[in-house]
Structures are given as structure tokens and as C-alpha cells.
Amino acid sequence: ELKVEQNPLFLSMQEGKNYTIYCNYSTTSDRLYWYRQDPGKSLESLFVLLSNGAVKQEGRLMASLDTKARLSTLHITAAVHDLSATYFCAVVVGTPLVFGKGTRLSVIA
Amino acid sequence: KAGVTQTPRYLIKTRGQQVTLSCSPISGHRSVSWYQQTPGQGLQFLFEYFSETQRNKGNFPGRFSGRQFSNSRSEMNVSTLELGDSALYLCASSLAAGARSEQYFGPGTRLTVT
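The text that follows walks through the structure, step by step, so that each part is easy to find. Predicted model, so just to flag it, every value in this text is computed and none were measured. Residue numbers restart at each chain and count upward from 1, following the sequence in its written direction. Here the convention is simple: chains get letters from A, ligands get numbers from 1, in the order in which they are written. Reporting of local features is limited, given that this is a predicted model, to residues whose pLDDT is at least 70; pairs of side-chain atoms are given and counted only at 80 or more, and all residues count toward the totals for whole chains, interfaces and linings. The basis for every side-chain value is the complete set of heavy atoms in the structure, and neither hydrogens nor water enter the calculation.

## Points about the state of the cysteines
What makes a disulfide is a covalent bond joining the sulfur atoms belonging to two cysteines.
In step 1: Pairs of cysteine sulfur atoms within 2.5 Å are what we label disulfides. In this structure the tally under the stated criterion is two disulfides over all chains.
In step 2: Residue pairing for Cys 23 of chain A: its cysteine sulfur links by disulfide to Cys 89 of chain A, the two sulfurs lying 2.0 Å apart. Across the disulfide from Cys 23 of chain A to Cys 89 of chain A, rotation about the S-S bond amounts to roughly 80 degrees, and the bridge is consequently right-handed. Residue Cys 23 of chain A is located in strand E3 (residues 19-25), and its partner Cys 89 of chain A is located in strand E9 (residues 85-92); the two are separated by 66 residues in the primary sequence.
In step 3: Any residue under 20% of the maximum accessible area for its type is buried, any over 50% is exposed, and the rest in between are partly exposed; the area is computed with a 1.4 Å probe on protein chains only. The exposure class assigned to Cys 23 of chain A is buried, which follows from its relative accessible area of 0%.
In step 4: Between the sulfur atoms of Cys 23 of chain B and its disulfide partner Cys 91 of chain B the distance amounts to 1.8 Å. In this structure, the disulfide formed by Cys 23 of chain B and Cys 91 of chain B twists by about 65 degrees around the S-S bond and is classed as right-handed. Here the residue Cys 23 of chain B occupies a position in strand E3 (residues 19-24), and Cys 91 of chain B occupies one in strand E9 (residues 87-94), the gap between them amounting to 68 residues.
In step 5: Since its relative accessible area comes to 0%, Cys 23 of chain B is described here as buried.
In step 6: The exposure class of Cys 91 of chain B is buried, given its relative accessible area of 0%. Only DSSP runs of H or I reaching four residues or more are called helices, and only runs of E reaching two or more are called strands; each is numbered from the N terminus.

As C-alpha cells, then:
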């Protein structure tokens, strides 16, 4: 059974600081998604990582995938308050998507 | 292009009742998946439909059922509601079957069982 572990589960960051969220998974997969969820809202797709070594960047967020280590990272650069949300990674092994528990990020002044 | 729509957005039901939730996928998408989100269990897969056929089902009791119509719209039904069924129910649509096809999520239906 595929297990997806995210850490940390809770993260309080100061504005302007950098931090990384980790997503480890237990079974070989070559496709991983990162989503953002605001309180009471749905999931917004951030990144689709399709192969080993894939790196994607959007604004202050950068995601990478190491399929050999079964690890994906979501790096936050110079955090701003607008990034406060819960971030989920989701791994593809056949069907369906298997989600991590999520990382609740709070960016404070 | 219109996104995934779900109705109703909010629902309050009593234990023992049944409920039907609806999901309209993005135009052209033929696959619809349903997920349950709770604070304790996180996001859990319920089922996936493609071309009116259920392709996969998650580990949920038989009280949870679904169907898909020829226009790709999907409904899920929960019978004999329990307090633990209170959750955010999300549907996601994709062009093709399976999670390798990127899924786009709807706004969700917030179900509260009292």
C-alpha cells in the first residue's frame, strides 16, 4: 500500500524567510502533484512533476522530484503572507491519487 | 472554459437520512473522481467513473455509491448517514481515466450530519 508522508505538518514562518516542505512516498512513482488549499476552499493545482529530476518554479514556490529517493520538495523563497495555506502533495501509482496529510503553512509578519 | 461545478455547496442532514451530491466536469472531460476530506483522515479516494463505468472504488462502505451519466456528469449518494460522514466532498475531473491524467478539482460540497 502506497504511503505518502509530508513534513512538517505545521509550519509557522516569518515573512521573508525560506523553508522547504518534504514529501516522501513508499512506492516507485514517476508522477507527483502539489496542490494548495485555502481554508474552506477546494484544491488548486500548483505543479505537476513528471519525471526524475523535474523542477518547476512559479513565483516564490519551487518544486522538485527525485524518484530514486522517492522524495519531492516544495521550497518557499522569501515567504509572504499570501502564501499562508495548506499544501498537499499527491502521488500517482496507478489509480487513484494518494495524498499526504498536508502541511499547514502560516506566514507571519 | 468553465471549471468543475458541484452542487449543492453546503448541506445539513440528520443521521439516518440519505443525500445525493452532484458534480459537473469540465467540458470534454470524461473522468470524474470523488474524494472525501476530513480533518482526521485527510483526503481519501471514494471512486472514479469513466464513460459511465466505475473504474475504481476506495475503501468505503456500501452506503457510498455513485454513478455517471452519458454527459459525464456524476452523482454520489450516501445512504443512512452517520455523524462520521460529515466532511468536504470533492470531485475532480480529467480528460482520461486514471490519476496520470491531471485532475481538476471542484469547489466541494460541505456535508454536515447532525
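## Section: the sheet that holds strand E1 (residues 5-7) of chain B
All names here are of chain B.
In step 1: When DSSP finds at least two bridges between two strands, those strands are taken to pair. Strand order across the open sheet formed by four strands is E1-E3-E8-E7, with antiparallel pairing between neighbours. Every interior strand has two partners, whereas the edge strands, E1 and strand E7 (64-68), have only one. Across the sheet, the mean angle from the axis of one strand to that of its neighbour is 20 degrees, orientation sign disregarded.
In step 2: Both E3 and strand E8 (residues 74-78) contribute to a ladder of five bridges, which runs antiparallel. Looking at the pairing, Ser 22 lines up with Glu 75 of E8. Comment: axis = line fitted to C-alpha atoms, over the contacting stretch for helices; angle = value between 0 and 180 degrees taken between N-to-C directions.

Any functional reading would require information that these geometric values do not contain.
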